Amino acid sequence: MSENPTGVTTPGAGGAGSMADPAARRTLMADVEAQPGAGKPDPILVVDQMTRTFGGITAVQVEHLEVQRGIITALIGPNGAGKTTFFNLITGFDKPSSGRDASWSFDGRKLDRTSASRVAKAGMVRTFQLTKALSRMTVMDNMMLGASGQRGENLAASMIRPLWRSQENQVEEKAVELLGRFKLHEKRNDFAGSLSGGQRKLLEMARALMTDPTMIMLDEPMAGVNPALTQSLLGHVQSLRDEGMTVLFVEHDMHVVRHISDWVVVMAEGKVVAEGDSSTVMSNPAVIDAYLGAHHDTDLGDDSLLEADVAEKYAAEAEEIEAEEAHHEGHDGAHRGEEKS
Ligand SMILES: Nc1ncnc2c1ncn2[C@@H]1O[C@H](COP(=O)(O)OP(=O)(O)OP(=O)(O)O)[C@@H](O)[C@H]1O
């Protein structure tokens, strides 16, 4: 484990496990077959025979899936494909249906029949949308809640006030650091419900990082976010990967998927129907069928299919994002230099 300049501890951050270099990521995935269930060089999550039915509906029926450590994997698929149910199952928020032997492991540890809090402690966390109750709490209280489970784990330590106090202080320090990182520090005493859509997404991400996860799972991180904050959110997701974290995210916006994914897994009718890099997957007839069969107006992010004026708009946006990233990289580099000196 190592600590980055913002104080977020991530395994392998900046070290051998870091996948900050695009060429290293391409090399890592170069020999992985673009096939459903393909084996990966170093899978952090391995899922077998995961089935979930609701009445007569088979929501999830995943035979085998491996998620590669240290990269950004997108989980895509038409509405009702089973993506959220799959997230719920692997994070312990739902249980697979009986009848078949589901098994899954995270970082080499078996997770079957494990509670959601144990999964989080094992290092796999997911973001949660701000519910009404969380909206009525302050931003800071939401952050402190994100750390729950860390405190009081050791009964003896929790009874010794100085130890408990010191842990409380550490948790608060971490919350302050993360709020700074996600530019939410000035909002710390505001009700979470008063935040904009994009700021809520940043808070969800910051809250998930309170437990120092190894892998973060984001359910539609860009939904309802304005274009300016989308760029910032995309940058944050990429930074997490660059610091050594594994990211798995569900997203409907195919331009976002193309922009940040190192690998894409496609679900349709509960099954994994395709895997590969984004270009391979989006030109796969099974993927086009899955989307077009479900809703004909889906934009698969293939810019060659766009009208000229729309393509120009996206090209301009991409340039803006690149310029913004270059600006941030320069700024961050200077900032880190200041901190080191
Ligand atoms: N609690 C539930 N009770 C009954 N059916 C459910 C339940 N949860 C999910 N389903 C059904 O399971 C299927 C998969 O739903 P799920 O929400 O996992 O899909 P999804 O890919 O996440 O869709 P979306 O992209 O629209 O969020 C759908 O047919 C849905 O109606």
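An account of the accompanying structure is given in this report. In this text, all values refer to a predicted model and were calculated from it rather than measured experimentally.

## A few points about the site of the ligand
The environment of the ligand is formed by Phe54, Ile57, Ala59, Pro78, Asn79, Gly80, Ala81, Gly82, Lys83, Thr84, Thr85 and His252. For the ligand, the accessible surface in isolation is 630 Å², of which the surrounding protein chains cover 60%. For the shell around the ligand, the secondary structure elements donating two or more residues are strand S4 (57-68) and helix H2 (83-90). Of all the elements, H2 adds the most residues to the shell around the ligand, at three residues.

## Here's the deal with the packing of helix H5 (residues 139-146) against helix H8 (residues 197-208)
Helix packing for two helices is described by the angle between their axes and how far apart those axes are. With their axes 8 Å apart at the nearest point, H5 and H8 run at an angle of 35 degrees to one another. Considering how the two elements wind past one another, H5 and H8 form a crossing that is right-handed. Residue-level contacts link Val139, Asn142, Met143 and Gly146 of H5 to Leu203, Ala206 and Arg207 of H8.

## What to know about the pairing of strand S12 (residues 271-276)
Pairing between strand S11 (residues 263-268) and S12: five bridges, direction antiparallel. For Val264, the partnering residue across the bridge sits in S12 and is Gly276. Taking the residues between adjacent antiparallel strands as the criterion, S11 and S12 are bridged by two residues, where Glu269 takes a positive phi near 50 degrees.

## Re the packing of H8 against helix H9 (residues 227-242)
Contact geometry of H8 with H9 gives a least axis separation of 10 Å together with a crossing angle of 15 degrees. For the element pair H8 / H9, the angle class is roughly parallel. Handedness of the H8/H9 crossing: left-handed. On the side of H8, the interface is formed by Gly198, Gln199, Lys201, Leu202 and Met205, while H9 contributes Leu229, Ser232, Leu233, His236, Val237 and Leu240.

## So, the packing of aromatic side chains
Ring pairs (aromatic) are described by centroid distance and by the angle formed between their planes. In the structure shown here, the tally under the stated rule is zero aromatic pairs. Over the ring of Phe93 we find Arg126; its NZ or CZ atom is 5.5 Å from the centre of that ring.

## Structural notes on the pattern of salt bridges
Enumeration according to the criterion identifies eleven salt bridges in this entry. With a shortest N-O distance of 3.9 Å, Asp219 and Arg126 are connected by a salt bridge. Of the two residues, Asp219 sits in strand S9 (residues 215-219) while Arg126 sits in strand S8 (residues 124-126), which places them 93 residues apart along the sequence. The burial state of Asp219 is the same as that of Arg126; both residues are buried.

## Observations regarding the sheet that holds S11
The sheet built from six strands is open, its strands ordered S8-S9-S10-S5-S11-S12 with mixed pairing. Pairing within the sheet leaves two strands with one partner each, and these edge strands are S8 and S12. Along the sheet, successive strands turn relative to each other by an average axial angle of 20 degrees, direction set aside. Strand direction decides the pairing type here: strand S5 (residues 72-76) and strand S10 (residues 246-250), joined by four bridges, are parallel. Note that in S10 the partner of Thr73 across the bridge is Leu248.

## Thoughts on H2
Counting buried positions over the eight residues of H2 gives six, a clear majority of the element. Restricting attention to buried positions, one finds in H2 the residues Lys83, Thr85, Phe86, Phe87, Leu89 and Ile90. Of the residues flanking the end of H2, it is Gly92, one or two places downstream, whose phi is positive at about 80 degrees.

## A look at unusual backbone geometry
One non-glycine residue, Lys183, lies in positive phi territory at about 55 degrees. Looking at the element boundaries, Lys183 is found in the loop between helix H7 (161-181) and H8. Look at Glu269: it is not a glycine, yet its phi comes out positive at around 50 degrees. Relative to the helices and strands, Glu269 is located in the loop between S11 and S12. What makes Glu269 exposed here is its relative accessible area of 70%.

## Things to note about the environment of Asn226
Secondary-structure assignment places Asn226 in the loop between S9 and H9. When its relative accessible area of 41% is taken as the criterion, Asn226 is described as partly exposed. Spatially, the C-alpha atoms of Asn226 and Ser196 are 9.2 Å apart, while their sequence positions differ by 30 residues. One polar contact links the side chain of Asn226 to the main-chain amide nitrogen of Leu229, over a distance of 2.9 Å.

Here is what the cut-offs are and how they apply
Here the residue numbering is sequential within each chain, running from 1 through the sequence in written order. Given that this is a predicted model, residues contribute local features only at a pLDDT of at least 70 and side-chain atom pairs are listed and counted only at 80 or more, while totals for whole chains, interfaces and linings are drawn from all residues. Heavy atoms from the whole structure form the basis of all side-chain values; hydrogens and water molecules are not counted. Nearness of a residue to a molecule or strand requires only that one of the residue's heavy atoms be within 4 Å of it. Accessible areas in this description were obtained via Shrake-Rupley with a 1.4 Å probe; residue shielding takes into account the shown protein chains only. Strands here mean DSSP runs of E at least two residues long; helices mean DSSP runs of H or I at least four residues long; both are numbered from the N terminus. All axes here are fitted lines through C-alpha atoms, helices being fitted over the stretch that makes contact, and every angle between N-to-C directions spans 0 to 180 degrees. Handedness of a crossing is defined here by the sense of rotation of the near helix relative to the far one, left-handed for an anticlockwise turn of less than a right angle and right-handed for a clockwise turn. Any pair of residues with heavy atoms lying within 4.5 Å of one another is described as a contacting pair. In short, DSSP must find at least two bridges between two strands for them to pair. The cut-offs work like this: below 35 degrees is roughly parallel, past 145 is roughly antiparallel, 65 to 115 is roughly perpendicular, and the gaps in between are oblique. A pair of Phe, Tyr and Trp rings is counted when the ring centres sit within 6.5 Å of each other, with Trp represented by its six-membered ring. The angle between the planes then sorts it: under 30 degrees is stacked, over 60 is edge-to-face, the rest tilted. Only when the NZ atom of a Lys or the CZ atom of an Arg is both within 6 Å of the ring centre and within 35 degrees of the ring normal do we say a charge sits over the ring. Just to be clear on terms, a salt bridge is a Lys or Arg side-chain nitrogen sitting within 4 Å of an Asp or Glu carboxyl oxygen. Working definition: with a 1.4 Å probe on protein chains only, accessible area under 20% of the residue-type maximum means buried, over 50% means exposed, and in between means partly exposed. Distance and chemistry together define a polar contact, namely a pair of N or O atoms within 3.5 Å, with one atom able to donate a hydrogen and the other to accept it when in protein, and with adjacent residues in sequence counting only for side-chain atoms on both sides.

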